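A closer look at the structure
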Amino acid sequence: MPNWLKEIALPAIAISAALLLFGILVWFAGVSPVDVWVTLFKGAFGDWFSWQNTLQRAAPLMLTALCVAIPARAGLIIIGGEGALVLGGLACAALAHAVPLPGNIIGTLLVCIAGAIAGALWIMLAGWLRQYRGINETISSLLLAYIAIGIFKHIVEGPLRDPSSLNKPSTYPLNEGMLIGGMMGSDVHWGLAIGVVACVALGLWLRVTASGFSVRVVGGNPRTAQLVGLPATQLILGACAVGGACAGLAGAVEVAAVHTNANASLIAGYGYAGILVAFIARHNPIAIIPVAILFGGFGAAGSLLQRRLGLPDASVQVLQGIAFVLILASEGLRLVDWKNLIKNRMPHPMQPKLLKLKGHA
């Protein structure tokens, strides 16, 4: 099987199998699987309203998936994008509150940069712990995400809390001029364009630049990187910084485009869903775009499953979990030489004749 076909076929088969298993589970709950599949499609892509909801959810997924994909190209498995996202949103709101910023696109750029810097520093910490203290980056980044959420809640409910936010603690809202609006009069904010541009730019960076090639060498063959004298530690920390900046930017965009302030709604699981998106896309930044749209559609359809079929809104998370397990399982199938396997399983043309001759003998 050609490599390009394998790259497309295996994720597609895994997602199809996840939908099938999800249908079996809801069938045990007394709901028709066909109704579930149709409702998922309608809730995600059935009309323009559904498309807008899907694309809004796809924007942060693209950026948090990059937080996994870029360090993975350097050989690190970072799964703490949720922490970088919430700190990016917090930094965005904190800068707007602490410093008088212009209420225009300049102010928007500054708060987005603040969010990106916060995310970059947080994920770089996981890379630093791995390089200089030998701590597994997967575990440290996950634990750092819980610490980041704790810091976020403490500051939002304490020093930066808006006194007018009673039942739902939040920071002071951003100046209206700094908010990110919709594209061409739609409800899809410009964060989607930011996510697409980031995916394409980083995909080209990895493919056509010397530094991107160096990152891929470090991740693919560390021994070769050492032999040719590549600065592995600097490249790894740089990849962590780029990935963390993307997740922090996602948090800033969510604040400036959706919530207008930092509050608990920012902890929506985009960082964890981004892990799944990155693995399905095989850590390819450009492939992240369609996968993020697909899973943004699944998230958008969750409330429709609840309203029409009586399923819990969290049912979509079950579907995502099944898909993640099957995607990981499909990784083992990539190493199978299907051509030789099929060839060896098929009987040789002379085999029936040989068996017949043995029978006569």
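Residues numbered from 1 in each chain as written. Predicted model: local features only at pLDDT ≥ 70, side-chain atom pairs only at ≥ 80, totals over all residues. Heavy atoms only, no water.

1. Side note on the overall build of the chain
- Tallying secondary structure elements over the chain gives 15 helices and 0 strands in all.
- The 361 residues of the chain split such that 46% are buried.
- Put simply, 76% of the contacts in the chain that link residues at least 6 apart link residues at least 24 apart.
- Of the accessible surface of the chain, which amounts to about 17,900 Å², a share of 67% is contributed by carbon and sulfur atoms. (Helix = DSSP H or I, 4+ residues; strand = E, 2+ residues; numbered from the N terminus. Buried < 20%, exposed > 50% of the residue type's maximum accessible area, 1.4 Å probe, protein only. Contact = heavy atoms within 4.5 Å. Areas by Shrake-Rupley, 256 points an atom, 1.4 Å probe, with all protein chains shown as cover.)

2. Some details on the packing of helix 12 (residues 288-309) against helix 13 (residues 315-330)
- Two numbers describe how helix 12 lies on helix 13: the axes approach to 9 Å, and their chain directions differ by 145°. Counted together, F295, F298, G299, G302 and L305 of helix 12 and V316, L319, Q320 and A323 of helix 13 form the full contact between these two elements. (Axes fitted to C-alpha atoms, helices over the stretch in contact; angles between N-to-C directions.)

3. Let's talk about the pattern of salt bridges
- In this structure the tally under the stated criterion is 1 salt bridge.
- Two residues, R130 and E137, come together in a salt bridge whose shortest N-O distance is 3.5 Å.
- With a relative accessible area of 29%, R130 lands in the partly exposed category. (Salt bridge = Lys/Arg side-chain N within 4 Å of Asp/Glu carboxyl O.)

4. Some points on the nonpolar core
- Core analysis: the biggest nonpolar cluster contains 96 residues, and V36, M62, L66, I288 and F295 have the highest contact counts within it.
- Leave out the neighbours within four places in its chain, and I288 touches M62, A65, L66, A69, C199, V277 and A281. (Core = buried A, V, L, I, M, F, W, Y, C linked by side-chain atoms within 4.5 Å.)

5. Points about the side chain of T64
- In this fold, T64 is placed in helix 3 (residues 48-73).
- On the basis of relative accessibility, which here comes to 0%, the residue T64 falls in the buried class.
- A polar contact of 3.3 Å, which involves the side chain of T64, links it to the backbone oxygen of L61.
- The contact partners of T64, leaving out residues within four places of it in the chain, are L85, A250, Y270, G271 and G274. (Polar contact = N/O pair within 3.5 Å; in protein donor to acceptor, adjacent residues only side chain to side chain.)

6. Observations regarding the packing of helix 4 (residues 81-98) against helix 6 (residues 137-157)
- At their nearest, the axes of helix 4 and helix 6 sit 7 Å apart, and the two run at 25° to each other. Classified by the interaxial angle, the pair formed by helix 4 and helix 6 is roughly parallel. Our pair here, helix 4 against helix 6, has a crossing hand that is left-handed. Counting all contacts with helix 4, which are made through E82, G83, V86, L87 and L90, the residues of helix 6 involved are A145, A148, I149, I151, F152, I155 and V156.
- Within the contact of helix 4 with helix 6, the residues separate by chemical class into 10 nonpolar, 1 polar and 1 charged. (Parallel < 35°, antiparallel > 145°, perpendicular 65-115°, else oblique. Left-handed = near helix turned anticlockwise from the far one by under 90°. Nonpolar A, V, L, I, M, F, W, Y, C, P; charged D, E, K, R; others polar.)

7. Observations concerning the packing of aromatic side chains
- One pass over the structure, following the stated rule, counts 6 aromatic pairs.
- Chaining the aromatic ring pairs together yields one cluster made of F41, F45 and W51. (Phe/Tyr/Trp six-rings, centres within 6.5 Å; stacked < 30°, edge-to-face > 60°.)

8. Some points on the side chain of T39
- You can see T39 is positioned in helix 2 (residues 33-45).
- By relative accessible area, which is 7% here, T39 ends up buried.
- Here the side chain of T39 touches D35 through a polar contact of 2.6 Å, landing on its backbone oxygen.
- Discounting chain neighbours no more than four positions away, the residues touching T39 are A301, L304, L305 and L309.

9. Here's the deal with helix 12
- With 22 residues, helix 12 extends 30 Å between its outermost C-alpha atoms, agreeing within 8% with the 32 Å of an ideal straight helix rising 1.5 Å per residue.
- Its maximal kink placed at A301, helix 12 deviates by approximately 30°. (Expected span 1.5 Å × (residues − 1). Bend = angle between axes of the 7 residues up to and from the residue.)

10. Regarding the state of the cysteines
- Tallied over the full model, the rule gives 0 disulfides.
- In this model C67 remains outside any disulfide bridge; the closest cysteine sulfur is found in C246, 7.7 Å from its own.
- Free of any disulfide, C112 has its nearest cysteine sulfur in C92, 6.1 Å distant.
- What makes C112 buried here is its relative accessible area of 9%. (Disulfide = S-S within 2.5 Å.)

11. Points about helix 3
- Relative to the 38 Å expected for 26 residues at 1.5 Å per residue, helix 3 spans 36 Å between its end C-alpha atoms, a close match to the ideal helical length.
- A maximum bend of about 25° is found in helix 3 at L66.
- Counted residue by residue, helix 3 has 19 buried out of 26 residues, so it is predominantly covered.
- Near the N-terminus of helix 3, the side chain that reaches the backbone nitrogen of F49, with its oxygen 3.3 Å away, is that of D47.

12. Topic: the environment of R282
- Along the chain, R282 falls in the loop between helix 11 (270-280) and helix 12.
- For R282, a relative accessible area of 33% puts it in the partly exposed group.
- Measuring from C-alpha to C-alpha, the distance between R282 and R73 comes to 9.9 Å, with 209 residues separating the pair along the chain.

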